[in-house]
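Residue-level structural notes
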There are 2 protein chains.
Amino acid sequence: MSKITIARVASEAGVSKGTVSRVLNARSGVNEETRVLVQGVVARLGYVPDPGARQLARRGRHVIGLMLDDDLRRGGTYYGILRDALEDCLSSEGYHTRVISTERGDAFSTPPDGAILLGVHLDDPRPAQLEERGVPFVMIGRSLHNTAWVDVDNLGGLRDAVRHLVALGHRRILHITGAHTGQASVQRLEGYLTGLREAGLPEDASLIFDGDFTAIGGYRAVRRVLGSKLAFTAIAAASDEMAHGAVSALEDAGLRVPWDVSVTGFDDIPLAQRHALTTARQPIAEIGAAAAELLLERMAGKPVRSRLLATTLMVRSSSAALLSTTSSTVHQH
Amino acid sequence: MSKITIARVASEAGVSKGTVSRVLNARSGVNEETRVLVQGVVARLGYVPDPGARQLARRGRHVIGLMLDDDLRRGGTYYGILRDALEDCLSSEGYHTRVISTERGDAFSTPPDGAILLGVHLDDPRPAQLEERGVPFVMIGRSLHNTAWVDVDNLGGLRDAVRHLVALGHRRILHITGAHTGQASVQRLEGYLTGLREAGLPEDASLIFDGDFTAIGGYRAVRRVLGSKLAFTAIAAASDEMAHGAVSALEDAGLRVPWDVSVTGFDDIPLAQRHALTTARQPIAEIGAAAAELLLERMAGKPVRSRLLATTLMVRSSSAALLSTTSSTVHQH
DNA sequence: ATGAAAGCGCTAACAT
DNA sequence: ATGTTAGCGCTTTCAT
């Protein structure tokens, strides 16, 4: 059984390759009857156009650069999934993804035909460089530039976590922040504050603890909290890693999650599932898909668009209703 | 400036497209002089072959499957780097990498022309499935099967770390193991024991602590150690994550690294550099390159070969010579 | 509205 | 050892 080509579809439908192509690409100027006929044959044969041939014939260019600094690339979980999602979407459209390491300096020896930027900083030179060279691009994460971007609703995610905790009866909710440098941390902190505000709870700076997105950071934050005799019943961390560290520290101090303290994370990495952590899930695959879509639009010369994707609160067993006794409030053990 | 094609390279080099193609694909039957000449022009022009056209022109589809379970793919650091290395090597040979998720079950709707297997378990069905379908493959990590594999010398790496600690004067060296299930953990433990044996030190089961490859696991292991009044001056952890957790726990207990305790890791992830951790570096990119090479050999019908890659001990400031006073031995604080 | 034919950039036979 | 040429599967003129 050899591969099904457009020629096969054409002959089987009794039309020319050109007509089949027109149908495939939803081009105008095809008789409704013929269109239906061809679509039928396509479906029956299970024909899938060859992406490579397609791009080749379209005379377009086909290389998409995935630009990131090595640190991010080595940074873990997020990158792998995102990369896979991106590749999935783009390769089916006939594009080929190439990783361009900022550090290796091979950035522009051969500019790609389009680019996806990861980990863009405020004074990042890449957007300007690409602009200058006329390479269309989409950034993952928001920016001030007037460019296309895709981002997750960090604020909304943390706000949802706080809402959830408030609904469970919690009033003394701590927040462990991520690294100061990132936009995401700032937005998540803002989400935390928004959640408190919505619930009519006071914003109390003493409830906010610095983390660094690592499990150890979360662990240590809780250690500090416990050392400070602060009263609290819940912790909304800015990442799953930190939430995991926080849970561990609570356990090591003899507190039980969720009975004594409720904890929520952010991201929904596999670790969150393993530890049954309530968390705001980032739709990483969707972010990749959206980025691919927007980039293709840009490459087609369409106007700049951006997308903010919502998180989904995954309620698991690290959060529970506050017991209605006053004694349940945790004081220094 | 229009796109640079093989024709452009050919004319610029004063040869035919065929010759350029032969050079590009490292085919035999090209004069050394011409080869160098063409390579020069390719480099000067920054020519990159169009992946689509390439795939189209080749008869077969030339698709390499990257098979892993989603858990591994989401597992972080290692995967991202490896994937990049693999893609680098394979795409320059005209192959296209496709991620095949074991869980998504799309494994064999269209079998790839070759496959790289990650995270193979003892009773993994994939090797047999591939064998049955005649798909050549290479596994990353050793196995009992008579198949090609690439692996890092886990035993040697840990042994080197222990040797290093012994050379610094350490005698009471702890080991924190990884997850029990993995081959890598077992081999690293074996390396630890080998190191002790070489130095004429006794194998003492009470010096071995269970970790789980996470920072929190390392942190907790050290907590247990400190709670047990065990005397020790160094820790050889089976991963950087765990070493990092161990260092944190030591610090939190008022001990200073490396003055009071020396710590070594394994992997050399970016975190190890940030925290100046002495560690056995895994040559991840080389592993990818070797896997690509061996797979290409297999696909060319050459005999099965395997490769064991050495680690490199990166000596940084988490390890130091043992002070020659007896009092430097750490007891329960 | 449809068909015929000319490429897109590349590889692989077949010549030389 | 190198040049020549015929496609690979598709889109896109240009005819009809």
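Predicted, not measured: the structure shown is a model, and the values here were computed from it.

1. Some details on the relation of the copies chain A and chain B
Once chain A is rotated about the relating axis by 176° and shifted along it by 1.4 Å, it coincides with chain B to within an RMSD of 2.0 Å. Taken together, the rotation and translation describe the operation of a two-fold axis. By residue overlap, the copies meet face to face through one surface: 92% of the interface positions of chain A are interface positions in chain B.

2. Re the protein's contact with DNA strand C
Lining the immediate environment of DNA strand C, one finds 27 residues, of which Asn31 and Thr34 of chain A together with Ile6, Tyr47 and Arg54 of chain B sit closest. Near the protein, within 4 Å, the atoms of DNA strand C are sugar or phosphate in 61% of cases. For DNA strand C, a phosphate oxygen lies 3.3 Å from a polar atom in the side chain of Asn25 of chain B. Put simply, the parts of the chain that give the surface near DNA strand C at least two residues each are α2 (17-24) and α4 (51-57) of chain A together with α2 (17-24) and α4 (51-57) of chain B. Of the residues forming the surface near DNA strand C, the biggest block, four residues, is contributed by α2 of chain B. Residue composition of the surface near DNA strand C, by class: nine nonpolar, 10 polar and eight charged.

3. Some points on the protein's contact with DNA strand D
Taken together, 27 residues surround DNA strand D, and among them Ile6, Tyr47 and Arg54 of chain A together with Ser16 and Asn31 of chain B come closest. Counting only atoms of DNA strand D within 4 Å of the protein, the sugar-phosphate share comes to 62%. Arg54 of chain A is positioned with one of its side-chain polar atoms (N or O) 2.7 Å from a phosphate oxygen of DNA strand D. Of all elements in the fold, only α2 and α4 of chain A together with α2 and α4 of chain B reach the threshold of two or more residues within the surface near DNA strand D. When residues of the surface near DNA strand D are assigned to their parent elements, the largest contribution, four residues, is made by α2 of chain A. Residue composition of the surface near DNA strand D, by class: nine nonpolar, 11 polar and seven charged.

4. A look at the sheet that holds strand β4 (residues 137-140) of chain B
All names here are of chain B. Ordered by their spatial adjacency, six strands build an open sheet running β2-β1-β3-β4-β5-β11, and the pairing between neighbours is parallel. This sheet does not close on itself; its edge strands, each paired only once, are β2 (96-101) and β11 (307-309). Adjacent strand axes in the sheet meet at a mean angle of 20° when their direction is disregarded. Pairing analysis gives three bridges linking β4 to strand β5 (residues 148-152), with the strands arranged parallel. Within β5, the position partnered with Ile140 by the bridge is Val150. Packed on one face of the sheet, helix α13 (residues 284-299) meets β1 (63-68), β3 (114-118), β4, β5 and β11 and runs near 160° to β4.

5. A few points about the packing of helix α1 (residues 6-13) of chain B against α2 of chain B
Residue and element names in this part refer to chain B. Direction vectors running N to C along α1 and α2 enclose 105°, while the axes themselves pass 8 Å from each other. Our classification of the angle between α1 and α2 gives roughly perpendicular. On α2, the residues touching Ile6, Ala7, Val9 and Ala10 of α1 are Lys17, Val20, Ser21 and Leu24.

6. Observations regarding the pairing of β5 of chain B
All names here are of chain B. Across the five residues that make up β5, a large majority, five, are buried. Of the two faces of β5, the one lined by Ala148, Val150 and Val152 and the one lined by Trp149 and Asp151 are each fully buried. Bridge count for β5 against β11 is three bridges, and the pairing is parallel. What sits directly across from Asp151, in β11, is Leu308.

7. What to know about the interface of chain A and chain B
Of the residues lining the interface, 38 residues belong to chain A; the matching set on chain B comes to 40 residues. With both chains or domains summed, chain A and chain B bury close to 3,500 Å², and 50% of this area falls on carbon and sulfur atoms. Residue Glu251 of chain B pairs with Arg220 of chain A through a salt bridge whose shortest N-O separation is 2.9 Å. In this structure, the connection of chain A to chain B is made through 10 residue pairs in polar contact (both at pLDDT 80 or more). Mapped by element, the contributors of at least two residues to the side of chain A that touches chain B are α4, α5 (70-73), α6 (77-92), β2 (96-101), α10 (215-227), α11 (240-252) and α12 (270-274) of chain A. Ranked by residue count, the leading element in the side of chain A that touches chain B is α6 of chain A, at nine residues. Of the residues in the side of chain A that touches chain B, the class split is 10 nonpolar, 12 polar and 16 charged.

8. Some points on the nonpolar core
If you look at the biggest cluster of nonpolar residues, it comprises 86 residues, and the most contacted ones within it are Ile235 and Leu250 of chain A together with Ile235 and Leu250 of chain B. Leaving out residues up to four positions away in the same chain, Ile235 of chain B has contacts with Leu165, Leu174, Ile176, Val222, Ala246, Leu250, Val261, Ser262, Val263 and Thr264 of chain B.

9. Concerning the domain arrangement of chain A
By the assigned domains, chain A splits into domain 1 (1-59) and domain 2 (154-282 + 314-326). A C-alpha centroid distance of 54 Å is found between domain 1 of chain A and domain 2 of chain A.

10. Some words on the pattern of salt bridges
Following the criterion strictly, the structure yields 44 salt bridges over all chains and no others. For Glu87 of chain A, the salt bridge goes to Arg83 of chain B, with nearest N and O atoms at 3.9 Å. Taken together, the residues span two chains, with Glu87 of chain A in helix α6 and Arg83 of chain B in helix α6 (residues 77-92). The class for Glu87 of chain A is buried, based on a relative accessible area of 6%. Where Arg188 of chain A meets Asp267 of chain A, a salt bridge forms, and the shortest distance between an N and an O atom there is 3.7 Å. Placement of the pair is Arg188 of chain A in helix α9 (residues 183-198) and Asp267 of chain A in strand β9 (residues 262-267), with a sequence separation of 79 residues.

Criteria and thresholds
- Residues numbered from 1 in each chain as written.
- Chains lettered and ligands numbered in written order.
- Predicted model: local features only at pLDDT ≥ 70, side-chain atom pairs only at ≥ 80, totals over all residues.
- Heavy atoms only, no water.
- Least-squares fit on C-alpha atoms with pLDDT ≥ 70 in both.
- Contact = heavy atoms within 4.5 Å.
- Near = heavy atom within 4 Å.
- Polar contact = N/O pair within 3.5 Å; in protein donor to acceptor, adjacent residues only side chain to side chain.
- Helix = DSSP H or I, 4+ residues; strand = E, 2+ residues; numbered from the N terminus.
- Nonpolar A, V, L, I, M, F, W, Y, C, P; charged D, E, K, R; others polar.
- Pairing = 2+ DSSP bridges.
- Axes fitted to C-alpha atoms, helices over the stretch in contact; angles between N-to-C directions.
- Parallel < 35°, antiparallel > 145°, perpendicular 65-115°, else oblique.
- Buried < 20%, exposed > 50% of the residue type's maximum accessible area, 1.4 Å probe, protein only.
- Buried area = accessible area lost by both parts, 1.4 Å probe.
- Salt bridge = Lys/Arg side-chain N within 4 Å of Asp/Glu carboxyl O.
- Core = buried A, V, L, I, M, F, W, Y, C linked by side-chain atoms within 4.5 Å.
- Domains from an automatic or database assignment.

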